[in-house]
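Fold and contact review
This is what each chain is made of:
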There are 2 protein chains.
Amino acid sequence: MHEALDENISSTSHRSSTFMDLFTATRKNLTELLGIPKQHKIYFLSSATECMERILQNCVKKYSLHFVNGAFSSLFYKTAVSLNKKAGLESVQLGESFDFSKFKLPKKTELVCFTHNETSSGVSLNLNNIKKQLPKNGDMLFSLDIVSSAPYVKVDFSLYDLVFFSVQKGFGLPPGLGVLIVSPKAFEKATYLYNKSKSIRSFHDFINLEKYAQLNQTPETPNVLLIYLFNEIVKDLIGYGIEKIRNETEIKSKLIYEYFGRSDYLSPFVKNVRARSKTVCVANTFGNSDLVVTGLKRYGLIIGSGYKDMKASQVRIANFPAHDLKDFEKLVESLELVCNKFKISEWKRIFQTGQE
Amino acid sequence: MHEALDENISSTSHRSSTFMDLFTATRKNLTELLGIPKQHKIYFLSSATECMERILQNCVKKYSLHFVNGAFSSLFYKTAVSLNKKAGLESVQLGESFDFSKFKLPKKTELVCFTHNETSSGVSLNLNNIKKQLPKNGDMLFSLDIVSSAPYVKVDFSLYDLVFFSVQKGFGLPPGLGVLIVSPKAFEKATYLYNKSKSIRSFHDFINLEKYAQLNQTPETPNVLLIYLFNEIVKDLIGYGIEKIRNETEIKSKLIYEYFGRSDYLSPFVKNVRARSKTVCVANTFGNSDLVVTGLKRYGLIIGSGYKDMKASQVRIANFPAHDLKDFEKLVESLELVCNKFKISEWKRIFQTGQE
């Protein structure tokens, strides 16, 4: 960040060759990091929420289908409803995943929306099962929300036509940038709809995004500083090695779930072991999540409480590339101290009086 | 910026009380700085380009009218056409302003779009003339683009229902934030259209923006860092005094235009003295703008070349609150040295060979 300030990146004109070089480099580096096929397009939007809206506007005339198992998959579904699509809904309880072998995708479906990692519940979809059990017909498009699992998740870009994330989770950056990866098939669908109806037109429709991307630019003045920082992080991650990051993510998540398993105060929220997210680890507390969150703060560690209704009863632990193995060893040690060393009643007293 | 990093602002959740306090404070401070009436709404979008699109989507069923005298007013017009509106166009040559006494606004017009300060040409509209010469009928809305004239311009919010700017010009911040100020009448129109048709729905339609604004939040994860920095700048400007800023802007622009008047190498592009922008001062060069731009760089000063087709022949000098009177005195002195001391042929040699 300080380097970006020194180089005066944020004053760079978005029509200058400096910006065009940055745009080109960022796409090239992200392509390398995530293994994106060359013919896929990469667009910079302002948030993952915007990505959902643009995907629906550009690629769906009528029918989308949504696998909903938490707040973020639900947001995608609600966006489709509000955009006047005939949105189908397959939903399970919070903390559950899907048995994809039970479903058959209706032929009329234009877009099927999957949320790889439900940030609200800590459930990850099994991408192998989707591939094996949900055959996609010729015209159908698949979208995959990887907001809280990128760059850990290995995406099969031959299957997913619309893949998106924002940069404030696994890339550890300030919020304000959404990245959308579009397959040639999805772009073709957008072009077809664009030519057929004027209703999808926008400064951020795929046709206009592509027109500027061909010039290595964005339609509007973008968040240049954040694109710069994103490119720097992507380069760092390439240097570190994506396979190493993936291995370490799995080792760190194993540490956490093992602790959830043996703890008297915490237990894993997601019962199905194979559906447990590697990047957002969620546990029920036998009491109040504040005791754990506040307790860890005393050790200089910050974890999240549960999402919305689960705020008081759950904790959520992010496992992103910025956290190294030592951080996680310290986290588990501190969790043990916080949850085991004191009796619960003792913690309650400390929490209420503020005095140890 | 460094303070923001120290306070770890960019990791603040956009659903936390810290963010809600920031949201509230930013709206309150901006209201004070620009004299925005209490009942007007303030929304944070991602760019001025997005503001144009959201204004048209939310407030125009069919007819918008655009006064176009450069690239940015033209972009607003083109956005309306692409959104399938019946967009009317009143245009003049680059560098010209409008004689508003000649126009009568057609009754059917729902929205009239004015660009107060054409960044591409350095022409400012005369807001007094608009008020006197263009009577607005009961239902009509007026929008005003103040991208490159805020916070200098004094906006009559009783006349302009939709006022917008981005923060990378007069507020001197990195790009990535658009601010849109909406009158109760414009919000009412948006509500009417929203209830009548589903086509305007979006995560950034006024109804959804307002739903979250009532909670002092934004629909999506916003650019928290930039909102924080914007609030800091607004507080600084309030502390400095908006009237002082306006006076100084006028003194600084007078210095520049006086120099354009007496220079042999530069002449003001906008012939009509009253239409000359106070915040973006544009001059023709009798040669190549690169000679001036490169010459000034040797004195550590950065000015812009002309916009697009005028790149080679014009220079543009931004006059924003971040530049103080001393900066401008130095700029004029340096301009004199660059343009007068050497013969043009001499500068050409230096520019071509890189040697003095």
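Residues numbered from 1 in each chain as written. Chains lettered and ligands numbered in written order. Predicted model: local features only at pLDDT ≥ 70, side-chain atom pairs only at ≥ 80, totals over all residues. Heavy atoms only, no water.

1. Some points on the relation of the copies chain A and chain B
- Superposing chain A onto chain B requires a rotation of 180° together with a translation of 0.0 Å along the rotation axis, leaving an RMSD of 0.0 Å. Such values leave the two copies arranged in the relation of a two-fold axis. When each C-alpha of chain A is compared by its distance to the rotation axis, S46 of chain A comes out closest, at 3.3 Å.
- Here 100% of the interface residues in chain A have copies in chain B that are interface residues too; the copies meet face to matching face. (Least-squares fit on C-alpha atoms with pLDDT ≥ 70 in both. Contact = heavy atoms within 4.5 Å.)

2. Considering the packing of helix α3 (residues 48-59) of chain B against helix α4 (residues 71-82) of chain B
All names here are of chain B.
- Running from N to C, α3 and α4 cross one another at 40°; their axes reach a closest spacing of 10 Å. It follows from the interaxial angle that α3 and α4 lie oblique. For α3 against α4, the interelement crossing comes out right-handed. In this structure, α3 uses T49, M52, E53, I55 and L56 to contact α4, whose residues at the interface are F72, L75, F76, T79 and A80. (Axes fitted to C-alpha atoms, helices over the stretch in contact; angles between N-to-C directions. Helix = DSSP H or I, 4+ residues; strand = E, 2+ residues; numbered from the N terminus. Parallel < 35°, antiparallel > 145°, perpendicular 65-115°, else oblique. Left-handed = near helix turned anticlockwise from the far one by under 90°.)

3. Concerning the interface of chain A and chain B
- At the interface, 27 residues of chain A touch 27 residues of chain B.
- Across the chain A-chain B interface, the total number found is 2 salt bridges.
- Among the salt bridges present, the one from E53 of chain B reaches R54 of chain A, with a minimum N-O distance of 3.8 Å.
- Our enumeration of links across chain A and chain B arrives at 4 residue pairs in polar contact (both at pLDDT 80 or more).
- Secondary structure elements with two or more residues in the side of chain A that touches chain B: α1 (2-6), α3 (48-59) and α8 (224-240) of chain A. (Salt bridge = Lys/Arg side-chain N within 4 Å of Asp/Glu carboxyl O. Polar contact = N/O pair within 3.5 Å; in protein donor to acceptor, adjacent residues only side chain to side chain.)

4. Here's the deal with the domain arrangement of chain A
Residue and element names in this part refer to chain A.
- When its domains are assigned, chain A resolves into domain 1 (2-240) and domain 2 (242-353).
- Domain 1 and domain 2 are separated by 29 Å when their C-alpha centres are compared.
- If you look at the interface, domain 1 gives 24 residues, while domain 2 gives 24 residues.
- It is G122, Y152 and Y240 that lose the most area in domain 1 upon contact with domain 2, and together they represent 31% of the buried surface on that side.
- Taken together, the connections running from domain 1 to domain 2 amount to 1 salt bridge.
- Note that E243 is salt-bridged to K154, the shortest N-O span being 3.4 Å. (Domains from an automatic or database assignment. Buried area = accessible area lost by both parts, 1.4 Å probe.)

5. With respect to the sheet that holds strand β11 (residues 280-285) of chain A
Residue and element names in this part refer to chain A.
- Sheet architecture is open: 4 strands sit in the order β10-β11-β13-β12, paired in antiparallel fashion. Each end of this open sheet is capped by a strand with a single partner; those strands are β10 (266-268) and β12 (304-305).
- Across 5 bridges, β11 lies against strand β13 (residues 314-318) in antiparallel orientation. For V282, the partnering residue across the bridge sits in β13 and is R316.
- Here helix α9 (residues 242-262) sits on the sheet and contacts β10, β11 and β13; the angle it forms with β11, its principal contact strand, is near 10°.
- Contacts between helix α10 (residues 289-297) and the sheet are confined to β10, β11, β12 and β13, with β13 contributing the most and set at about 40° to the helix. (Pairing = 2+ DSSP bridges.)

6. Remarks on helix α7 (residues 206-213) of chain B
Residue and element names in this part refer to chain B.
- Of all 8 residues making up α7, 6 are buried, and the element is well covered by its neighbours.
- What α7 keeps buried is the set F206, N208, L209, E210, Y212 and A213.
- Those residues of α7 that are buried lie in contact with α2 (17-34), β1 (41-45), α3, β8 (162-166), β9 (178-182) and α6 (184-196).
- For α7, the N-terminal cap is D205; the gap from its side-chain oxygen to the backbone nitrogen of I207 is 3.1 Å. (Buried < 20%, exposed > 50% of the residue type's maximum accessible area, 1.4 Å probe, protein only.)

7. A few points about the sheet that holds β9 of chain B
Residue and element names in this part refer to chain B.
- Here we have 7 strands laid out as an open sheet, ordered β1-β9-β8-β7-β4-β2-β3, and mixed in their pairing. The open sheet is flanked by β1 and β3 (86-91), the only strands paired with a single partner. Pairwise comparison of adjacent strand axes, ignoring direction, gives a mean angle of 20° for this sheet.
- Packed on one face of the sheet, α3 meets β1, β2 (63-68), β4 (111-115), β7 (141-145), β8 and β9 and runs near 160° to β8.

8. With respect to a positive patch on the surface
- On the surface, K198 of chain A together with K61, K62, K86, K108 and K196 of chain B cluster together into a positively charged patch.
- Tracing the backbone shows K61 of chain B in the loop between α3 and β2. (Patch = residues over 30% accessible without salt bridge, like charges linked within 9 Å, V, L, I, M, F, W, Y side chains within 5 Å. Areas by Shrake-Rupley, 256 points an atom, 1.4 Å probe, with all protein chains shown as cover. Lys, Arg positive; Asp, Glu negative; His and termini not counted. Charge placed at Lys NZ, Arg CZ, Asp CG, Glu CD.)

9. Here we look at the pattern of salt bridges
Residues and elements named next belong to chain A.
- Within the structure shown, the criterion is met by 22 salt bridges over all chains.
- D156 is the salt-bridge partner of K131, the closest N and O atoms lying 2.3 Å from each other. You can see K131 sitting in helix α5 (residues 127-133) and its partner D156 sitting in the loop between β7 (141-145) and β8 (162-166), a full 25 residues away along the chain.
- Looking at K131, the relative accessible area reads 47%, which means it is partly exposed.
- The exposure class assigned to D156 is partly exposed, which follows from its relative accessible area of 23%.

10. Describing a negative patch on the surface
- A grouping of D324, D327, E329 and E333 of chain A is seen on the molecular surface, where their side chains present a negatively charged patch.
- Turning to its location among the elements, D327 of chain A is positioned in helix α11 (residues 325-341).

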